[in-house]
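These are the residues of each chain, in order.
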Amino acid sequence: MPEPSYAAQSAIGVAVRSRCPRCGRGRLFNGFLKLAPRCDVCGLDYSFADPADGPAFFVMMTAAVPATAFGIWLELTYNPPLWVHAVTTLPIVVIACTLPLRFFKGWLVAEQFIRKAEEGRISRPEASARDPT
Ligand SMILES: [Zn+2]
């Protein structure tokens, strides 16, 4: 039985919708950040996915820096009491660092699937030339 074909998916599109990078319909997550074992529509096994700390890196570069800069600006401009930071800066930093994680993880998993990325291997042609098997 031939494997069904799937329309090409946009990595950003499936990341925004948290959907399977192959079919674009099945759920990618089982919870907020935990990947599902496989797609519930096309059955794609998500065991290939290993974004490691990639999502955290992108969150630091895009959200954590501006959120922290806001806290620094608030402190230097108004020198408010500590409770003001507790009710403004702290929630802003927590929300800015938590919400984008799901998108970035979905995006990296989708890019990994679409570009067939996997762990690098060293090619040694001289070793296979010596080994007759
Ligand atoms: Zn799928």
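Residues numbered from 1 in each chain as written. Predicted model: local features only at pLDDT ≥ 70, side-chain atom pairs only at ≥ 80, totals over all residues. Heavy atoms only, no water.

J.: Can you lay out the UniProt feature "transmembrane region" (unreviewed entry) in the protein for me, pointing to particular residues and giving the numbers?
T.: As recorded in UniProt, the feature "transmembrane region" (unreviewed entry) lies at residues 56-76 and 82-104. For residues 56-76, the end-to-end C-alpha separation is 28 Å, with 100% helix and 0% strand making up the annotated structure. Overall, residues 82-104 shows 96% helix and 0% strand. The separation of its end C-alpha atoms is 32 Å. (UniProt positions renumbered as here; feature names shortened; annotations may be inferred. Helix = DSSP H or I, 4+ residues; strand = E, 2+ residues; numbered from the N terminus.)

J.: Please provide a residue-by-residue account of helix 2 (residues 54-78), values included.
T.: Helix length check: helix 2, at 25 residues, gives a terminal C-alpha distance of 35 Å against a target of 36 Å (1.5 Å per residue), a fit within 8%. For helix 2, the complete set of buried residues consists of G54, P55, V59, A63, A64, A67, G71 and L74. For helix 2, the elements touching its buried residues are helix 3 (82-87) and helix 4 (89-114). Residue N79 follows helix 2 closely and has a positive phi angle near 45 degrees. (Expected span 1.5 Å × (residues − 1). Buried < 20%, exposed > 50% of the residue type's maximum accessible area, 1.4 Å probe, protein only. Contact = heavy atoms within 4.5 Å.)

J.: Go over helix 4, please, and point to the residues and values.
T.: One turn of the α-helix equals 3.6 residues, which is why residues spaced by three or four share an orientation. Relative to the 38 Å expected for 26 residues at 1.5 Å per residue, helix 4 spans 38 Å between its end C-alpha atoms, a close match to the ideal helical length. L101 marks where helix 4 bends most, by close to 35 degrees. Taken as a whole, helix 4 has its buried residues at T89, A96, L101, F104, K105, G106, W107, L108, V109, A110, E111 and Q112. Check the buried side of helix 4 and you find it contacts helix 1 (11-17), helix 2 and helix 3. With its phi angle positive at about 50 degrees, K116 sits one or two positions after the end of helix 4. (Bend = angle between axes of the 7 residues up to and from the residue.)

J.: Explain the coordination of the zinc ion to me, and be specific about the residues and the numbers.
T.: Looking at the metal site, the zinc ion is ligated by C20 (SG), C23 (SG), C39 (SG) and C42 (SG), spaced 2.2 to 2.4 Å from it. With a relative accessible area of 10%, C23 lands in the buried category. (Donors = N, O, S within 2.8 Å, 3.2 Å for Na, K, Ca; no water.)

J.: Let's hear about the packing of aromatic side chains: which residues, and what values?
T.: Summed over all chains, the structure comprises 8 aromatic pairs. Aromatic side chains F58 and W107 sit 5.2 Å apart centroid to centroid with 80 degrees between the ring planes, which places their arrangement in the edge-to-face category. On the criterion of sequence distance, the pair formed by F58 in helix 2 and W107 in helix 4 is long-range, its members being 49 residues apart. Here F58 falls in the partly exposed class, since its relative accessible area comes to 27%. A residue is classified by how much of its surface remains accessible, and W107, at 19% relative accessible area, is buried. Here the aromatic cluster, defined as three or more aromatic residues joined through ring pairs, consists of F57, F58, F103, F104 and W107. (Phe/Tyr/Trp six-rings, centres within 6.5 Å; stacked < 30°, edge-to-face > 60°.)

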